[in-house]
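Listed here are the chains, written in short residue letters.
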Amino acid sequence: MAARHFLTLNDMTTSELESLVDHATALRNEWRQGKVRNSLENRVLAMIFEKSSTRTRVSFEAGMTQLGGSAMFLSSRDTQLGRGEPIEDSAIVISSMVDAVMIRTFAHETVERFAAASRVPVINALTDEFHPCQLLADMQTYREHRGSIRGATVAWIGDGNNMCHSYINAAAQFDFHLNVACPKGYEPAESLIKAHSDRITLFREPAEAARNAHLLVTDVWASMGQEDEQKARQKAFSGYQINPELLAMADKDALFMHCLPAHRGEEISADMMEHPASVVWDEAENRLHAQKALLEFLILNHLD
Ligand code: CP
Ligand code: NVA
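Here the residue numbering is sequential within each chain, running from 1 through the sequence in written order. For this description, chains carry letters from A and ligands carry numbers from 1, given in the order in which they are written. Only residues with pLDDT of 70 or above have their local features reported here, since the model is predicted, and side-chain atom pairs are shown and tallied only from 80 upward, although totals for entire chains, interfaces and linings are computed over all residues.

1. Quick look at the site of ligand 1
By convention here, the C-beta atom is placed from the backbone, and a residue is near a molecule or strand when that atom is within 6 Å of it. Surrounding ligand 1, one finds Ser53, Thr54, Arg55, Thr56, Leu126, Gln134, Cys259 and Leu260. The residue makeup of the shell around ligand 1, split by class, is three nonpolar, four polar and one charged. Two domains share the shell around ligand 1, each providing at least three of its residues, namely domain 1 (9-130 + 284-300) and domain 2 (134-281). Here the term charged refers only to Asp, Glu, Lys and Arg, the term nonpolar to Ala, Val, Leu, Ile, Met, Phe, Trp, Tyr, Cys and Pro, and the term polar to all other amino acids, Gly among them. What marks off one domain from the next here is an automatic or database domain assignment.

2. Things to note about the site of ligand 2
The local shell around ligand 2 consists of Leu126, His131, Asn161, Asn162, Met163, Asp219, Val220, Ser223, Met224 and Cys259. Of the residues contributing to the shell around ligand 2, the split by class is five nonpolar, four polar and one charged.

3. What about helix H5 (residues 132-146)?
Each helix is a run of DSSP H or I of at least 4 residues and each strand a run of E of at least 2, with the numbering of both proceeding from the N terminus. Expected span of a helix, by definition, is 1.5 Å for each gap between consecutive residues, and there is one gap fewer than residues. For H5, with 15 residues, the first-to-last C-alpha span of 21 Å sits near the 21 Å given by 1.5 Å per residue. Whether a residue is buried, exposed or partly exposed is read from the other C-beta atoms within 10 Å of its own C-beta, which are placed from the backbone; 20 or more gives buried, 12 or fewer gives exposed, and intermediate counts give partly exposed. Taking burial as the measure, the 15 residues of H5 include eleven buried ones, the bulk of the element. Buried residues of H5: Pro132, Cys133, Gln134, Leu135, Leu136, Ala137, Asp138, Met139, Gln140, Thr141 and Tyr142, and no others.

4. Topic: unusual backbone geometry
Of the consecutive residues Leu260 and Pro261, the connecting peptide bond is found in the cis state with omega at 5°. Mapped onto the secondary structure, Pro261 falls in the loop between strand S9 (255-258) and helix H11 (280-300). Positioned with a positive phi, Leu126 is a non-glycine residue whose angle comes to about 120°. You can call Leu126 buried: it has 28 C-beta atoms within 10 Å. Unlike most non-glycine residues, Asp175 shows phi in positive territory, near 65°. Summarising the element assignment, Asp175 is placed in the loop between helix H6 (162-174) and strand S6 (177-181).

5. A word on the environment of Gly225
Take Gly225: it is sitting in the loop between strand S8 (215-218) and helix H9 (230-236). For the pair formed by Gly225 and Asp128, sequence separation is 97 residues and the distance between their alpha carbons is 8.3 Å. The residues touching Gly225, leaving out its near neighbours within four places in the chain, are Phe106 and Asp128. Two residues qualify as a contact pair if the distance between their C-beta atoms, derived from the backbone, is within 7 Å.

6. Things to note about the pairing of strand S2 (residues 70-75)
Two strands make a pair as long as DSSP finds a minimum of two bridges between them. Across six bridges, the pairing between strand S1 (residues 44-49) and S2 is parallel. Note on S2: the bridge partner recorded for Leu45 is Ala71. Handedness of a crossover is defined as follows: orient the strands so they point away from the viewer, and if the path from the first strand over the helix to the second runs clockwise, the crossover is right-handed. A crossover links S1 with its parallel partner S2, the connecting element being helix H2 (residues 55-66), and its sense is right-handed.

By themselves, these are just geometric observations and shouldn't be taken as functional.
Here's what the structure looks like:
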């Protein structure tokens with residue numbers, strides 16, 4: 001049987017995604033009660049990082065250990081991948097020794113090529129185009145605080161980047177409407193907008209996108225790999241900040257999320273992280289629980 005991969009949210013059905021999110025909450029509850037779970041005993045996850053990470057690395061590594069398995073950190077600097085060994089050769093070799101592979105890299109094509117040659121599940125832990133693992137945690141967090149997101153309005157304020165792209169996929173999979181407010185030239189990919197035109201409304205004004213929204217989300221103005229655009233982006237995005245004034249335009253029970261790391265004074269005001277509407281710390285912790293649910297689903301082929 002060919003391995004199941006998780007390269008975008010579209011690699012799963014809506015019902016699989018919903019079960020996964022529910023399972024993540026069940027795992028969180030078990031974990032908080034101190035229950036020991038050895039579902040992935042003796043299983044090994046290889047984690048390939050070509051970009052920095054705090055949450056993703058810690059959640060995958062801690063998650064594997066807490067489920068009785070182990071995780072191996074591989075940076076492109078120290079492996080032959082960084083010295084030009086073909087991706088397909090690396091995939092054949094690594095996947096012959098471990099039970100799943102997680103990759104954080106630049107081009108989305110890299111994870112697709114790796115997955116095509118891998119005999120075990122491959123997880124996209126962020127590419128320039130998508131960050132599906134973060135969306136599992138975000139959807140889990142919304143559900144835990146507000147119930148089903150079906151029919152809700154989510155406002156994405158800022159760059160049409162990898163996170164925004166995964167929010168577009170999530171809008172289709174979890175059945176919500178996405179308002180995107182971004183400056184000219186920083187829109188999400190045209191192909192995604194076209195494919196989901198019934199689900200997305202593009203705005204220039206953050207206040208218009210935020211009006212009556214149930215969830216406000218943003219991300220850094222310059223993503224990893226865009227460091228040399230930092231100055232130009234600071235200028236382009238200067239009006240695109242989530243702050244209490246913008247939040248006041250949203251629904252009275254609106255939540256605020258950010259995948260983190262955050263830049264206070266740029267995409268959020270200094271007071272947003274601790275604002276009563278903010279669920280950023282739950283969102284970050286849920287990376288652990290969502291990752292565990294995902295690993296069980298992909299490695300064991302079931303959720304229970
Ligand atoms: N949100 C997220 O993916 O964080 P890291 O870059 O720290 O992994
Ligand atoms: N858009 C950000 C997300 C970091 C988790 C980046 O790609 O750097």
